[in-house]
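The primary structure of each chain is shown beneath.
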Amino acid sequence: MNDLFEALDDINPAPRLLMGPGPTNADPRVLRAMSAPLLGQFDPQFRDYMRQTSELYGRVFQTQNNWTLMIDGTARAGIEAALVSLIEPGDRVLVPIFGRFGHLKAEIARRCGADMRGIEIEWGTVFEPERLESEIKAFKPKLVALSHGDTSTTMAQPLKELGRLCRVHDALLYVDATATLGGMGLPVDGWQLDIVTAGLQKCLSGPSGIAPLTLNERAEKHITRRRHTEQGLRAPDDRDGEGKIIQSNYFDLAMIMDYWSEMALNHHTEATTMLYGARECARILLKEGLQAAWARHALASRAMVAGLRAMGMRLFGDLTHKMANVTGVHIPDGVDGEKVRRALLEEYRIEIGTSFGPLHGRIWRIGTMGYNARRDAVLVTLGALEAVLAGEGAKLLRGAAVDAARNVYREAQ
Ligand SMILES: Cc1ncc(COP(=O)(O)O)c(C=O)c1O
């Protein structure tokens, strides 16, 4: 044991420029906020930070919802909390799948005992609204659950009409905005989304570990029907809701809402350090302005696309629906994709993404998100990729990528 202790140094990772599909580098201000001293979770100062965080994320989600709160855990903790709290065994759930994270929601819905119907399209495309409408009409789901942007394919599903459609057909709508919140517009009230979750590690410039969640009165009604207070916390006059108890204790939104409410009913021990980080992510984003942040992401994406094209690379997927914060690009024929990623990491300390499922070994995914949706990050990544590809014998026009990206930035000034 002593030997191990002596052999270990302090944690001192090499610097990295994280240009994959997330995580991205955290804004240094977020990391500084996270080094603030710990408070007890019921300390009035800490409860104030919770209230402020809730209010800030209400603005980030562009909603007047009564409930905007943080789920402790990575983005999929938010997904599980939303799905397990809404789905009662046997409920019909429609999951439109256009990438890996659609499959994730389908799997979680199945685990919740849903009568789940997954509908799939080719990766790199999105659903036509007419298809979604006819599926909703035919299946009559209680809940429709899908991603806004799916980082596995780099596609963003248009959602503008879907909320209205779900209301007409009396379905709830859950949206996983892990990969887009802060980087693309997502007007939760404007698009009539009932429950939405996100993560910090993409466009919000933080580390993973908290999932912001917002829900409206339609979703609240379903959740409070299932409210069951934990035995050790019950008051004598506590009455359970008439719905089935939520299968998960940790992700029981009814209990988490009691914990976040003025009642402050004990549930988990809040991850205070993560909450500081989440609060700082939202504060920084709102200080920049939502529109300005979306424009910054769109510009970085245009510059990355222009650079890759100038290099002669082929982009992946239906570009009219490409996410603003991540770009899929075909690995050129004859190039070993993993060797290139390794050289980028070892020689330049830059990380870009590989891909999953049917796209594995076919495309790289390059993120321009959150703190890294910046000109210098785009230019350095393009320059490094070009040098490594040239070293691998790829035929490309040297210098063209960085020039093209610089031009995009220059024209935007
Ligand atoms: C759309 C989407 N949903 C969910 C997740 C899972 O997030 P996490 O790894 O934080 O649980 C990701 C991560 O890339 C994602 O892009």
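Here the structure is shown first, and the text comes after it.
### Here we look at the pairing of strand β10 (residues 210-215)
It is a general feature of regular strands that their side chains alternate between the two faces of the sheet. Burial runs high along β10: 6 of the 6 residues are buried. Residues of β10 alternate between two faces, with I210, P212 and T214 on one and A211, L213 and L215 on the opposite face, all of them buried. Pairing analysis gives 6 bridges linking strand β2 (residues 67-72) to β10, with the strands arranged antiparallel. Paired with L69 across the strands is L213, a residue of β10. In this structure, strand β9 (residues 195-197) lies alongside β10, joined through 3 bridges in antiparallel fashion. Within β10, the position partnered with T197 by the bridge is L213.

### Comments concerning helix α13 (residues 375-391)
Over its 17 residues, α13 extends 24 Å from the first C-alpha to the last, a length consistent with the 24 Å expected when each residue adds 1.5 Å. Restricting attention to buried positions, one finds in α13 the residues A377, V378, T381, L382, L385, E386, V388 and L389. For α13, the elements touching its buried residues are β1 (17-18), α11 (290-310), α12 (337-348), β12 (350-351), β13 (363-367) and α14 (400-412). The first or second residue beyond α13 is G393, which carries a positive phi of 90°.

### Some details on the packing of helix α3 (residues 44-60) against helix α10 (residues 272-288)
Direction vectors running N to C along α3 and α10 enclose 40°, while the axes themselves pass 9 Å from each other. By the criterion of interaxial angle, the relationship of α3 to α10 is oblique. Here α3 and α10 pass one another in a crossing that is left-handed. On α10, the residues touching F46, Y49, M50, Q52, T53, L56, Y57, R59 and V60 of α3 are T272, L275, A278, R279, A282, R283, L285 and L286.

### Observations concerning the environment of E392
In this fold, E392 is placed in the loop between α13 and α14. Exposure remark for E392: the 14 C-beta atoms within 10 Å place this residue in the partly exposed category. Among all residues touching E392, those that are not within four sequence positions of it are V335, K339 and V340.

### Side note on the site of the ligand
Close to the ligand lie 13 residues, the nearest being T74, A75, R76, T151 and T178. Looking at the shell around the ligand, its residues break down into 3 nonpolar, 7 polar and 3 charged.

So, how was this worked out
- Residues numbered from 1 in each chain as written.
- Predicted model: local features only at pLDDT ≥ 70, side-chain atom pairs only at ≥ 80, totals over all residues.
- Buried ≥ 20, exposed ≤ 12 C-beta atoms within 10 Å, placed from the backbone.
- Helix = DSSP H or I, 4+ residues; strand = E, 2+ residues; numbered from the N terminus.
- Pairing = 2+ DSSP bridges.
- Expected span 1.5 Å × (residues − 1).
- Contact = placed C-beta atoms within 7 Å.
- Axes fitted to C-alpha atoms, helices over the stretch in contact; angles between N-to-C directions.
- Parallel < 35°, antiparallel > 145°, perpendicular 65-115°, else oblique.
- Left-handed = near helix turned anticlockwise from the far one by under 90°.
- Near = placed C-beta within 6 Å.
- Nonpolar A, V, L, I, M, F, W, Y, C, P; charged D, E, K, R; others polar.

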